[in-house]
Amino acid sequence: MGLPTLEFSDSYLDSPDFRERLKCHEIELERTNKFIKELIKDGNMLVGALRNLSIAVQKFSHSLQDFQFECIGDAETDDEINIAQSLKEFARLLITVEEERRRLIQNANDVLISPLEKFRKEQIGAAKEGKKKFDKESEKYYSILEKHLNLSSKKKEAHLQEADSLIDREHQNFYDASLEYIFKVQEVQEKKKFEFVEPLLAFLQGLFTFYHEGYELAREFTPYKEQLQFNLQNTRNNFESTRQEMDRLMQRMKSADQDYRPPSQWTMEGYLYVQEKRPLGFTWTRHYCTYDKSNKTFTMSVSETKSAGKVNGLISNTPEMFKLKMCIRRKTDSIDKRFCFDIEVIERQGIITLQALSEANRKQWLEAMDGKEPIYTLPAIISKKEEMFLNEAGFNFVKKCIHSVEMRGITILGLYRIGGVNSKVQKLMNTVFSPKAPPDMDIDLELFDNKTITSALKNYLRCLTEPLMTYKLHKDFILAVKSDDQNYRVQAVHALVHKLPEKNREMLDILIKHLVKVSLHSQQNLMTVSNLGVIFGPTLMRAQEETVAAMMNIKFQNIVVEILIEHYEKIFHTAPDPNVPLPQAQPRSFSRRTRAICLSTGPKKPKGRYTPCLADHDSEYSLTWCNVLLPSHPSHTPHWA
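Each chain has its residues counted from 1, following the order in which its sequence is written. For this predicted model, a pLDDT threshold of at least 70 governs which residues receive local features, and a threshold of 80 or more governs which side-chain atom pairs are given and counted, while totals over whole chains, interfaces and linings are taken from all residues. Just so you know, side-chain values use all the structure's heavy atoms and leave hydrogens and water out.

Q: For the sheet that holds strand β1 (residues 268-278), give the residues involved together with the corresponding values.
A: A pair of strands is considered paired only if DSSP assigns at least 2 bridges between the two. Elements are defined by DSSP. Helices are runs of H or I of four residues or more, strands are runs of E of two residues or more, and each kind is numbered from the N terminus. Read around the closed barrel, the 6 strands follow the order β1-β2-β3-β6-β7-β8; overall the barrel is antiparallel. Taken over all neighbouring pairs, the strand axes of this sheet differ in orientation by 50° on average, direction set aside. Pairing geometry for strand β6 (residues 320-329) and strand β7 (residues 340-345), over 5 bridges, is antiparallel. Looking at β7, one finds that Ile-328 is bridged to Asp-342. Its contacts with the sheet place helix α5 (residues 359-368) against β1, β2 (281-292), β3 (297-302), β6 and β7, and it is angled at close to 95° to β1. Note on geometry: axes are lines fitted to C-alpha atoms, helical ones only across the stretch in contact, with angles between N-to-C directions running from 0 to 180 degrees. Pairs of residues are marked as contacts when any of their non-hydrogen atoms sit within 4.5 Å.

Q: Residue-level account of the environment of Ser-404, with values.
A: Within the fold, Ser-404 resides in helix α6 (residues 392-408). Sequence spacing of Ser-404 and Asn-450 is 46 residues, and the spatial spacing of their C-alpha atoms is 8.0 Å. If sequence neighbours within four positions are ignored, Ser-404 has contacts with Gly-409, Leu-445 and Ile-453.

Q: So what's going on with the confidence of the model for the protein? Residues and values would help.
A: Think of pLDDT as the predictor's per-residue confidence, scored from 0 to 100. Residues at a pLDDT of 70 or more form 83% of the protein, whose mean pLDDT is 80. Predicted confidence is poor over residues 373-386, with pLDDT under 50, and the contacts of this stretch with residues over four places away or in other chains come to 21 contacts.

Q: Summarise the nonpolar core; cite the residues concerned and give the values.
A: Only buried residues count toward a nonpolar core. Its members are Ala, Val, Leu, Ile, Met, Phe, Trp, Tyr and Cys residues joined through side-chain atoms within 4.5 Å. Using a 1.4 Å probe on the protein chains alone, a residue whose accessible area is under 20% of its type maximum counts as buried, one over 50% counts as exposed, and one in between counts as partly exposed. Judged by nonpolar contacts, the single largest core of 65 residues is most densely connected at Phe-397, Tyr-460, Ile-512, Phe-536, Leu-540 and Leu-564. Among all residues touching Phe-536, those that are not within four sequence positions of it are Tyr-416, Lys-458, Leu-461, Leu-511, Leu-515 and Val-561. Val-47, Phe-134, Ile-144 and Val-185 belong to the second largest nonpolar core, which has 34 residues in total.

Q: Break down the environment of Lys-427 for me, with residues and values.
A: By the element assignment, Lys-427 lies in helix α7 (residues 422-433). Residues Lys-427 and Ala-456, 29 residues apart in the sequence, show an inter-C-alpha distance of 9.5 Å.

Q: Please set out unusual backbone geometry residue by residue, giving values where relevant.
A: A positive phi is found at Tyr-416, a non-glycine position, where the angle reads about 70°. Turning to its location among the elements, Tyr-416 is positioned in the loop between α6 and α7. The phi angle at Thr-470 is positive, at roughly 35°, despite the residue not being glycine. Summarising the element assignment, Thr-470 is placed in the loop between α8 (450-462) and α9 (474-481). What makes Thr-470 buried here is its relative accessible area of 7%.

Q: An account of α7 is needed here, citing residue identities and associated values.
A: Structurally, the α-helix is built with 3.6 residues per turn, so residues lying three or four positions apart point the same way. With 12 residues, α7 extends 16 Å from end C-alpha to end C-alpha; this agrees with the ideal 16 Å at 1.5 Å per step. Taken together, the buried positions of α7 are occupied by Val-425, Leu-428, Met-429, Val-432 and Phe-433. Down the axis of α7, the smallest arc covering the buried residues is 105°, so these residues share one side. In α7, the exposed residues that point more than 90 degrees away from the buried face are Ser-423 and Lys-427. Residues of α7 that are buried make contact with α6 and α8. In this scheme, a helix's expected span is set at 1.5 Å multiplied by one less than its residue total. The arc in question is traced by the directions running from the helix axis to the C-beta atoms.

Encoded structure:
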C-alpha cells in the first residue's frame, strides 16, 4: 500500500482520520531522512575507500614502473625485452585506469553527496519546519477554541463579537498552516522521486563510465596481452631447454674430481698462499694468481685484508705482474708447509715461495709453469660421444630418414619432439654406421617406426665430430641474431651460411628444406618454426665448451634455426652479394615474431586429443599429458607447454 492522499478540504475539518493519514506521511519523511543520512555516510566511506584504493594502485604502478629487469648474458631476445617492458606497460595501463577513477572520486561529492545533503536539508527540512508551524498553530487554535467555547452567553454582545472575530482569525491561521504543511509534505514525497534518485543515477553513471573505460582499455590491451603470453611461453620453452643442459652440466661437474680446472683464458689460475717476510717472522697471505704460458706472465693479487696492505687507511689490491724464469717443486723436508713450490721471476730477486691448495693443485701449477713435477693429465669430466662423420653414408642416411618422415609421418603430433625407444634407435644407428656396413647400404626404414627414425636422425647430427654450423662461425651466428636490425639478421645469417664448408652447407640445405615442410603442417603436428628452433638449435650449433655462458646462448641458437626456416629460399638459393658489405649493427636484444599459445596440462590422461611428449635428449624436455588448444587465428600457431 502506498501513502494515503491528503486532501486540502480535509484540513478544514481536521478529523482524526486526517491526522492519522498525515502521521503516515510524517513517518515516511523521517524514515527517508534517516536513510539519506546513512546513505551520505556510506557514500563518504565509499569515496574514501576509492581514494585509498587509488593511492595504493598508483603506488603499485610506480613500483612496477621503477623496476628494471636484468637478464643473464650480454644481450636479450625480443621475448625477454617485451617481458621486461611489460611491467611499464602494466603501470601505464593502471595509471590510465586511475586517472578515470580520480575523476570519479572528484565528481562524487558534486554529483552524489552534495545533492543528497541539499535535498535532505532544504526539502525534508522545510517539511519539518512546516510541521512545527502546523503543530504550533494547531495547539494555539484549539486552546483559544476551548476558551471561546467556555464564554458565558451573558457576556456583552460586543465582547462576544470580538471573541468570535479572534477565533475566526486563529482558525484561518491554523487552516493556512495546515494547507501549507499538507502541500509541502506531499511536495517532498513527490520530489524525492527525482531529486533523491537523480544523484544516485549520476553517481552510478560515473561509476559505469569508469568501468567502461576499464573495459575499453582491456580491449585495447588484449593484443598486447596475447603477444606477451606468446613471449612468456617462448621464454619458458627456452628456459626449459637451457635448464636441461645446465642441469646436465652441473651433475657432471659434481661428479668431477675436486681439483678439476675449467677452461679459461689463462694457462692456470686460482688461489695460492704466498710466503712474505714480516718484522716478526714469515706470514702466509692468500693471493689470486694467474699464469699465461705463452708469454710466461705471472700475476698475483692479494685477496686478504691485512694491516700491512693498507695505504693511507685503504686496502691496496693492485695486481703484481712478473715474468717467470723458473719453477721448482719445494722439497717436503725443507719447509713445514705442505704443497709448496718456488718460482723465480725477472722483476724480483730471490725466491717466491707459494703454497697450493692440494697436491693435485700443485701438480697443475707445476705442469703449467714447466716445473720439475711430472706432467699431470687433467681429468676428463665430459665423456666424448661416439663420433660421426659428414660422409657419403651420413648423407644417404639423412636423405632416407627425411624421405621416410615426409612420406609416412610428417603430420604426426609432436614430430621430432617425441623420442623413440633407445634400443631401437641404437639398433638403427648400428645398422647404418657399423664399421662393417658398406657406404651404399640400402636401409629398409620400413622396419622402424617414425619416432625411431626421427630420433636416429637427431642423434646422427648431434654426434658429428663438429656441428653442421661449425665452431668457427658459432660466435658470428650468435652475434648476428643479437642485433636489433631485422634485415641485418637475415643478411648476416645468409652470408654466414655461405661461409660454411660445402658439405656442411649441402647437408644443412637438405635438413632445413625438410623442416620448412614440417612447419607447414604445424596445424596437425604442432611443430611450429619456434618449436623446431628449440629442438634443432642446440643440435646444429652445439657449443664447443659446455659452460653456463654457452647454455645461456641456446636461446639465440634457436633463433638462428628459426631464421633459416623462415628465410630458406633466400638463404640457400641465393648467393650473397660480395660487393654489398653487411651493416655494422650494434648487438643488443634479438627480435622475433612469436607464434605460440599456452597449452593446459594435467596430471592424468583425460579423454580427447591428448598425447605424452617425452624428451629423447638432454637438451629437450618432457611434457605431461597436454590438451591441444586449436588456434583462434591461423597466425596463432599452438606452442608446446
